[in-house]
Amino acid sequence: MRIIGGKWKPIILCHLKHGKMRTGELRRAIPNITQKMLTQQLRELEDDGIVARKVYNQIPPKVEYSLTDYGHSLNKILEDLCVWGEHDIEMRKQKGENIILLNKEDVANDALPYAD
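Counting restarts for each chain, with residues numbered from 1 along the sequence as it is written. Per-residue local features of the predicted model are confined to residues with pLDDT of at least 70, and side-chain atom pairs are confined, for both listing and counting, to 80 or more; whole-chain, interface and lining totals are unaffected and use all residues. Here the side-chain values reflect all heavy atoms present in the structure, with hydrogen atoms and water set aside.

Looking up the chain in an unreviewed UniProt entry gives the name HxlR family transcriptional regulator, with the organism given as Companilactobacillus zhachilii.

A few words on the nonpolar core. Residues belong to one nonpolar core when they are buried, are Ala, Val, Leu, Ile, Met, Phe, Trp, Tyr or Cys, and are joined through side-chain atoms within 4.5 Å. Burial classification: accessible surface area is computed with a 1.4 Å probe over protein chains only, and a residue below 20% of its type maximum counts as buried, one above 50% as exposed, and the rest as partly exposed. Ile12, Leu13, Leu16 and Val51 are the most contacted members of the largest nonpolar core, which totals 20 residues. In this analysis, two residues are considered to be in contact whenever any of their non-hydrogen atoms come within 4.5 Å of each other. With residues near it in sequence (within four places) discarded, Val51 still touches Leu13, Leu16, Leu42, Leu45, Glu46, Tyr65, Ser66, Leu67 and Thr68.

Turning to the sheet that holds strand S1 (residues 21–22), a few remarks are in order. Here the rule is simple: two strands pair whenever DSSP picks up at least two bridges between them. Runs of E in the DSSP output that reach at least two residues are strands. Runs of H or I that reach at least four are helices, and both are numbered from the N terminus. The three strands lie next to each other as S1-S3-S2, forming an open sheet whose pairing is antiparallel. Pairing within the sheet leaves two strands with one partner each, and these edge strands are S1 and strand S2 (51–56). Pairing analysis gives two bridges linking S1 to strand S3 (residues 62–67), with the strands arranged antiparallel. Within the sheet, the bridge partner assigned to Met21 lies in S3 and is Tyr65.

A carboxyl oxygen of Asp or Glu within 4 Å of a side-chain nitrogen of Lys or Arg is what we treat as a salt bridge. Within this structure, the stated rule accounts for eight salt bridges. With a shortest N-O distance of 3.8 Å, Arg2 and Asp48 are connected by a salt bridge. Of this pair, Arg2 sits in the segment before helix H1 (9–16) while Asp48 is found in the loop between helix H3 (35–47) and S2, placing the two residues 46 residues apart along the sequence. The exposed category is assigned to Arg2, whose relative accessible area is 65%. Taking the shortest distance from any N to any O, the salt bridge between Asp88 and Arg92 comes out at 3.2 Å. With Asp88 and Arg92 both in helix H5 (residues 75–94), this residue pair falls four residues apart, about one helical turn. Under the relative-accessibility criterion, Arg92 is labelled partly exposed at 33%.

With that settled, consider H1. A large share of H1 lies buried, amounting to six of its eight residues. What H1 keeps buried is the set Lys9, Ile12, Leu13, Cys14, His15 and Leu16. Looking at the packing, one finds that the buried side of H1 touches S1, helix H2 (23–29), H3, S2, S3 and H5.

So, on to the environment of Tyr65. Along the chain, the position of Tyr65 falls in strand S3. As a C-alpha pair, Tyr65 and Arg22 span 43 residues in sequence and 6.1 Å in three-dimensional space.

Below, the structure written as structure tokens:
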């Protein structure tokens, strides 16, 4: 739980289990997270060997995050967490909360205005 616990890490990991994502894509997928917190959480996950960070030598800079093989070993746990979270969101929506669940397809680079 020390490695994947907390408010944001499970959400980040649920998004990354679908494939590589750039910083801006993650920000759009998790709109309530600050850039500072996203960066901190990604660094911690990288330090723990769960997430890989790939920097492309280009202008503007491009950085992609993905799960490592070790991170992929969490897939069953992540899938269960994601399913539970989606179910929780549906229950909360039924109670009147205004919640929008974003998927990777909703946050593609060319679909939204700001860059990574």
